[in-house]
Each structure stands twice: as structure tokens, then as C-alpha cells.
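Structural overview
Here's the letter readout for the chains.
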Amino acid sequence: MIWARAEGSRVWDADGREYLDLSGGFGVAALGHRNPRIMQAIAAAPVAHALGDLADAEVTVALRRRLPWPSKLGVTGEDAVEIALRTALLVTGRSGIVAFDGAYHGTGLLALAATGFEAFREPFRAWLPGPVHRRAYGADPGPLPDGTGCVVVEPVQGRGGARVPPADFPKVLRARCDAAGALLVVDAVYAGLGRIGELWPGSDVADVLCVGKALGGGLPLSAALFVRTEHAAAWDLGPEDVYTHTHAGNPLACAAALVVLDEVPELLDHVQTAGERFARAGWHGAGLMRARVGDAALAHERGVIVIPAGVDGTLISATPPLTISDDEIDDALDRLG
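1. Some words on the sheet that holds strand β6 (residues 132–135)
Pairing within the open sheet is mixed, and its seven strands lie in the order β4-β10-β9-β8-β7-β5-β6. Of all the strands in the sheet, just β4 (71–74) and β6 have a single pairing partner and so form its edges. In this sheet, neighbouring strand axes are inclined to one another by 20° on average, regardless of whether the strands run parallel or antiparallel. Here four bridges tie β4 to strand β10 (residues 222–226), and the two strands are oriented antiparallel to one another. Bridge assignment links Gly74 to a residue of β10, and that residue is Ser222. The strands touched by helix α4 (residues 77–92) within the sheet are β4, β5 (96–100), β7 (148–153), β8 (183–187), β9 (208–211) and β10, with β10 carrying the most contacts at an inclination of about 30°.

2. Observations concerning the nonpolar core
Of all hydrophobic cores here, the largest spans 63 residues; its most connected members are Leu22, Trp200 and Leu209. The element best represented in this core is helix α8 (residues 251–263), accounting for eight residues. Setting aside chain neighbours within four positions, we find Trp200 in contact with Leu67, Pro68, Trp69, Leu193, Leu209, Val211, Leu225 and Leu261. Counting 22 residues, the second largest nonpolar core, distinct from the first, contains Ala80, Leu85, Ala99 and Cys210.

3. Some words on the pattern of salt bridges
Under the defined criterion, the tally for this structure stands at 20 salt bridges. Among the ionic pairs, Arg66 bridges to Asp262, the shortest N-O distance being 2.8 Å. Of this pair, Arg66 sits in helix α3 (residues 58–66) while Asp262 sits in helix α8, placing them 196 residues apart in sequence. Across the pair Asp326 and Arg277 runs a salt bridge, and its minimum N-O distance is 3.6 Å. Linking Asp326 in helix α11 (residues 326–336) with Arg277 in helix α9 (residues 268–280), this pair joins segments that are 49 residues apart in sequence. You can call Arg277 partly exposed: its relative accessible area is 22%. Salt bridges sharing common partners tie together Arg37, Arg66, Asp262 and Glu263.

The rules we used
- Residues numbered from 1 in each chain as written.
- Predicted model: local features only at pLDDT ≥ 70, side-chain atom pairs only at ≥ 80, totals over all residues.
- Heavy atoms only, no water.
- Pairing = 2+ DSSP bridges.
- Helix = DSSP H or I, 4+ residues; strand = E, 2+ residues; numbered from the N terminus.
- Axes fitted to C-alpha atoms, helices over the stretch in contact; angles between N-to-C directions.
- Contact = heavy atoms within 4.5 Å.
- Core = buried A, V, L, I, M, F, W, Y, C linked by side-chain atoms within 4.5 Å.
- Buried < 20%, exposed > 50% of the residue type's maximum accessible area, 1.4 Å probe, protein only.
- Salt bridge = Lys/Arg side-chain N within 4 Å of Asp/Glu carboxyl O.

So this is what it looks like as C-alpha cells:
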């Protein structure tokens, strides 16, 4: 399928056929496709590109100040995870990672090592960092193995199929990390910024909180947020930034992010009530991160865009724009049957 146009919660293909978009572009379009305020902010930006870590645009500085904790900005969600995992190594001096079955943290080699999808991992196994100790998602991992520098976990697993852990799971992980002197990295790239009804899910337990996807309002932007602010100093390694990108802190993406941070808090109540509509139709998950057994190709034939999900690919995932209307939800669910 080739997308020719997208607006709000709807997409049109190259043949002019209209679809209801329950993917939200993998959760990126939290405020809908081509949100007017975001498009205006992008168009009005006086600087389109600065110098990455060497020189910020004014809007990048404004975003850093607006974020609730010190941050290191990235381009993709995987960047934020990479920064967080490297922070754990810098702080603890230990390279071991505890991660979970069904986890998805990205496809760069370090994030891939922590990812639980063997189909992604297997072709590159010889190059994967580690050691990585895999545990059951939602269960007490027990005392952390010797050499563990961090635990990395999603508040709700996205690509794993909208898996919601027991309510006490985050606090159990926090206690295990405290006992071992390890960092707790919360990967809220998918679940964060309102997707599950919270702006910063996991921030009550995290050392480092990863956000992305929705942050840039459709443009590539992510951030590792140093909830425990002292960990930001781990990156004071000299005059040059040893982990950066040409487009880190891109001004256009930062201008869009300021709109996202303005508007998402006003949508949290709607996320909860909209999520309940999915729940009543048999979709499990939290907020507007939902999944059920289904066939993405069949959904496409019926004019609804969903994402294949689950480790075995038997689920379909719904992560629509947080602005989706009740009527659009009902229409999509009716089409899916």
C-alpha cells in the first residue's frame, strides 16, 4: 500500500481509496495526521537545521527546558534506548542487561540485543552485545545476575501485543535494581506521551525514561530523560559528544514537539474512554494501545489499517491517533467485525 494522503485518523492510498487508520503510523501521529498546529509550527520555524550537538536552535533549547527532566535527544526511539543502556554502562561499569520475553526496543545492535523477537535477532546474533538475561514479562525476575548494569522494560508491551503487566511489576523491578545497584530503564517510546493514558508512564520508578514516536508529532525525534538527574553527568566525557547524530535536536521536530506537549495532556481523559470502547469490543491492552487476534491483511481489505503484532504475529494492534473520534472508532470496529 502506498499512502498518497493522510489527515486526522484517515489515510488515502494512491488509488484514492480511504482507510480508517488504527495504526497512527506506529503511534507517531498522536495528534492525528497533519495536525494543523504542528504543520503551522513546522512552517513557521525560523531555523530548519542547526549543528546537532555543536549548536542548538532556539526552539531546541525551548524543548529541553520544557521537558520535565534533563535529557539527551535522539532521532529514533532506538536512539533513546541506546542512550539509556549506555548510561547504565557509564554509571555502573557493568554491561549485563536484564530484558523480557516479547520486548521490542529497536533494531540497532544494542537495542536488538535486548529485543525479544528472535526473527529480528537471529541474522545478527554473532554481533549482538551482552550478556542479556531474558526473563518472563510481568513476573519477578528474582535477584539480578552478577554483572547486571540495568533492567530495561516497557510499561505496556507494544509490538509484543499490548501486554499489560501486574500493577506491582514496576515496583518489583525497582526493588531488584536497588538491591543490585543497577539502573531501571523504562522504554516508553510506544506507551508514552498519552498512549496508555499517562504522559510519562514509568517515571515513578525509572532511572532513565525513553520517549519517542509521538514526541516529534510526525517528525523523527526521541529523548532519554534522566529522571534521576544525577545520571546526566555520566555523559560529561569531554568537549566532544561521544554519542550524537547530525539531526539530533532537529529544530522542525522540536517545534512540533512543543505542540505535542501542549495538546496531549488535554486528551488523556479521551484516551481512557476511547480505550474502553475497544475493551468492550474484546481488545485487550491499556488506553489506546490495544490488540486482539486478527488478520491485518483482512482488515486492510475492509478499509482499516492495523499492525500485525505479537511474537508469533497472530495479533493485530490498534494504536490510533489520540484524537480519534468515538464515531471513527465505532466505524472501524464495525468494519473489522
